[in-house]
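The primary structure of each chain is shown beneath.
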Amino acid sequence: MLPKHSNPTKKRFDRKTENSFWAYAPYNFIPLPDKLVTVTELPDQDSYTNNTGYIKCTMKTESPLYVRCPMTPSFFNKYGDKKFYELSDDIKNERAQFFYYDHVDLPIIPGSTLRGMIRSLVEIVGYGKIQWVTDKKLVYRAVGDSSSLGVSYRNKLLGNNQQNNKNQKYFFEYPSSNVRGGYLKKDGSHWSIQPAREIYGETFVHIEYSVAQAVKCDKHYPNQDYTSKDIIEVYIRPPKERTVPQRSSRDLALNLAVVQNKSDIRQISEGKQDGFEKAIIVRSGHMGGRTEKHMHCAIYEPDTKAKPILIPNHIWSLYSDDRDIPRGISSRPLCKDGDPLFYLVDDKEELVFLGPTMMFRLPYDESVIHFVPEKLRDKDKIDISEAIFGYESKNSHKTSCAGRVFFTDAKLESLFEDIWLTENQKTITPKILASPKPTTFQHYLVQDESHDPDQKVNLAHYATPSPDGTVIRGHKMYWHKGEVKLENIKELDRNIEKSPTQYTKIKPIKSGVTFSFRIYFENLKDFELGALLWVLTLPGEKGKEYRHSLGMGKPFGMGAIKIEPKLYECKRDERYQKLFEGDSWYEAVHKVPKESITKLINTFEKHILDQIGEEKDQLNEVDRIKILLYMMEWKGPSTDLTRYLQIHPINEYKERPVLPDPFNISPP
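Treat the numbers as computed from the prediction; the structure is a model and nothing was measured. (Residues numbered from 1 in each chain as written. Predicted model: local features only at pLDDT ≥ 70, side-chain atom pairs only at ≥ 80, totals over all residues. Heavy atoms only, no water.)

Here the focus is the overall build of the protein. Assigned secondary structure in the protein consists of 14 helices and 31 strands. For 668 residues, the compact-globule estimate of 2.2 N^0.38 gives 26 Å, and the C-alpha radius of gyration of the protein, at 29 Å, lies within 12% of that figure. In terms of its C-alpha atoms, the protein occupies a principal-axis envelope of roughly 100 × 55 × 55 Å. Here the protein, with 668 residues, has 50% of them falling under the buried criterion. For the protein, the proportion of contacts with a sequence separation of at least 24, taken over those separated by at least 6, is 77%. One way to put it: in the protein the 97 positive side-chain charges average out to a point 4 Å from where the 92 negative ones average out. (Helix = DSSP H or I, 4+ residues; strand = E, 2+ residues; numbered from the N terminus. Rg over C-alpha atoms; globule rule 2.2 N^0.38 Å. Buried < 20%, exposed > 50% of the residue type's maximum accessible area, 1.4 Å probe, protein only. Contact = heavy atoms within 4.5 Å. Lys, Arg positive; Asp, Glu negative; His and termini not counted. Charge placed at Lys NZ, Arg CZ, Asp CG, Glu CD.)

Here's what the structure looks like:
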């Protein structure tokens, strides 16, 4: 049995300590299956002894829907390498269009999008493999984290706590000798680091905010975007040794190289004097918390005699992917030749990672896929979703197989409706559509009984041994939020003005718009066709309604759709008994009655229940499937229970509150 998630028991918010113990989120997870359901035999590709036909689907939007239009080759050649904020308003509006082929006013839902949605659900209800998990390492930052993860992070950048005085909790060399300053360098198609000069054993030093004001260098505010003004050339008098500043507290002391006098710093325009060296101040600022940051870092100029350090492709890819994740708070990107940076090497002088600030983000030792048990990702096995949708195998023991289902695009039922969410078909700037943050391990990893969810020092994280220690929570899904209005999606102008580079534009369709599409299938066994019909009809509790989710903006409640399927079966033995039917080809297609559809669904349910050893009458009685249906229930729970945690005015992330399971999202 896999580790089972335990819910927090403490109340969500303690007003005395301003600590959060109960997490909210617009998403939650369908747990991993304890057992896979696999398929041992696939039908021959040239025989039609099973079910062939199509499912005609009517799809109605229940909340605003948006699927972005892809770039044409010519558009990509001109603008593909530009950030969204770098585009002109006209180009932004063109980039924001809903998916279309021939005419911008005739939006469609691409069949590939529909196929992906349905396949994901088949993987869940069919107890399929967990294979769409990244094999890349996550990148994290835990400067002031008091959990075991914070200890691990600080050990890498600061070394072990060296304080022997029992009256003081922490004493660190700030930073360790393995953390250095340098400059990004472009070498053809590769990136490298040009180390900074080493002066008195340091490649960079700290400068007090009050001292930096002598060269008109103020702190950087969190709501500001980083610009060239955050990189300031100066002359400084290098400190000859590390010292412990007077501001150190009884709990924490840092031994560091620091410029503490205004007489030890000069503007470039004043010219160099004896005893001074050129350096670049990397302007930094307070990012939250009670104790405000009070020092910048200044990196000495490049050491032209030092050999550049090659940045391996996997490290650069990992950094650049993490760099481009929107986080709502701007950071200085490393992307140009000459950008000042900080980097960490191991004891063998091999590059570990790099970043724009001294306490930069680091990769975990293991990738996310490491936290999926091997039995749930066996490449030699074939699950129901692979049997239906096909698969490409790179395993010599398993041949590739074509799929037996084909999705058409979903097209508008009426061409004359007012379908757009905004008047005059205007694009809108939505609230920040942040990317998933699996580094929030208290949400994305199972916290079982051995990892007390009420004690952050005990929480499982990505350095926890697996799979015995912990596993990923499962399939991520977003809650429905019922009726969603324009004001629930659109960002306020004043917020856009504060951080214009963090936003995009979209052109959504409103609620109540109807599309239609078809799913053609060939040679599906009864339980396979039953699986498709199950995920389309969502047979849950009587009296309850369910909706699918599609497109962008799911955290805001966008993309809720209602699907009504009708099954048509092609009788292969009749197909070739005559050629024509009126003016058309005779296709021998018959509408399948509701009773037969129910029988197919029951066949699928029995197949799954038998394989997983559940003595239930229906699949919706199994706890894992109950969770799936609850998360798809319309109109969803109270939106107060499915919001993101907040940083302002109180940091609700501070105590790393654990996300409870879907049935327990309301605090006790």
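From this point, the narrative continues.
Once that is clear, we can look at the environment of D324. Along the polypeptide, D324 turns up in the loop between α6 (313–323) and β18 (340–345). Judged by its relative accessible area of 39%, D324 falls in the partly exposed class. Separated by 265 residues in the primary sequence, D324 and V589 have C-alpha atoms spaced 50 Å apart. A distance of 2.9 Å separates a polar atom in the side chain of D324 from a polar atom in the side chain of R323. (Polar contact = N/O pair within 3.5 Å; in protein donor to acceptor, adjacent residues only side chain to side chain.)

Inspection of the entire model under this criterion finds 22 aromatic pairs. Through successive ring pairs, a cluster of aromatic residues spans Y140, Y153, Y364, F371 and Y462. Of note, K476 hangs over the ring of Y27, and the distance from its end group to the ring centre comes to 4.2 Å. Across the ring face of Y127, the terminal group of R624 is positioned such that the distance to the ring centre comes to 4.5 Å. (Phe/Tyr/Trp six-rings, centres within 6.5 Å; stacked < 30°, edge-to-face > 60°. Lys NZ or Arg CZ within 6 Å of the ring centre and 35° of its normal.)

An α-helix turns once every 3.6 residues. As a result, residues three or four positions apart point the same way. Within helix α14 (residues 623–631) the residues assigned to the buried category are R624, I625, I627, L628, L629 and M631. Considering only its buried residues, α14 is in contact with β3 (27–30), α3 (111–125), β23 (475–478), α11 (526–537), β25 (545–546) and β31 (633–634).

So, about the side chain of R547. When you line up the elements, R547 lands in the loop between β25 and β26 (548–549). Judged by its relative accessible area of 5%, R547 falls in the buried class. One polar contact links R547 to E62, side chain to side chain, over a distance of 3.0 Å. In contact with R547, not counting residues within four places along its chain, are E62, H480, L538, I561, K562, M632 and W634.

This part takes up the nonpolar core. Counting 155 residues, the largest nonpolar core has I55, M59, I109, L354, I384 and W534 as the members making the most contacts within it. No other element matches α11, which puts eight residues into this core. L354 has contacts with I193, I311, I315, W316, Y319, L334, L341, F342, Y343, F360 and R361, leaving out every residue within four places of it along the chain. Within the second largest apolar cluster, 17 residues are counted, among which are I199, V215, C217 and I265. (Core = buried A, V, L, I, M, F, W, Y, C linked by side-chain atoms within 4.5 Å.)

Before going further, it helps to spend a moment on the pattern of salt bridges. Going through the model one piece at a time under the given rule, you end up with 28 salt bridges. For R547, the salt bridge is made with E62, and the minimal N-O distance between the two is 3.0 Å. On the criterion of sequence distance, the pair formed by R547 in the loop between β25 and β26 and E62 in the loop between β4 (51–61) and α1 (73–79) is long-range, its members being 485 residues apart. As far as burial versus exposure is concerned, R547 and E62 are alike and both buried. One salt bridge connects R323 with D324, and the closest N-O pair in it is separated by 2.9 Å. Taking relative accessible area as the criterion, R323 reaches 21% and is therefore assigned partly exposed. Each of R197, K272, E277 and E301 takes part in a single network of salt bridges with overlapping partners. (Salt bridge = Lys/Arg side-chain N within 4 Å of Asp/Glu carboxyl O.)

Turning to the sheet that holds β18, a few remarks are in order. If you trace the five strands from one edge of the open sheet to the other, you get β17-β9-β8-β18-β19, paired in antiparallel fashion. Of all strands in the sheet, those bounded by a partner on one side alone are β17 (309–310) and β19 (351–355). Bridge count for strand β8 (residues 179–187) against strand β9 (residues 190–195) is six bridges, and the pairing is antiparallel. Looking at the pairing, Y183 lines up with Q194 of β9. This element, α6, spans β8, β9 and β19 of the sheet and lies at about 30 degrees to β19. (Pairing = 2+ DSSP bridges. Axes fitted to C-alpha atoms, helices over the stretch in contact; angles between N-to-C directions.)

Turning our eyes to something else, we now look at the environment of M477. Mapped onto the secondary structure, M477 falls in strand β23. According to the relative accessible area criterion, M477 is buried, its value standing at 14%. For the pair M477 and Y27, spaced 450 residues apart in sequence, the C-alpha separation works out to 5.5 Å. Leave out the neighbours within four places in its chain, and M477 touches P26, Y27, N28, I30, L121, I124, L628, M631 and M632.

So far we have only geometry, and geometry alone does not tell us how the molecule works.
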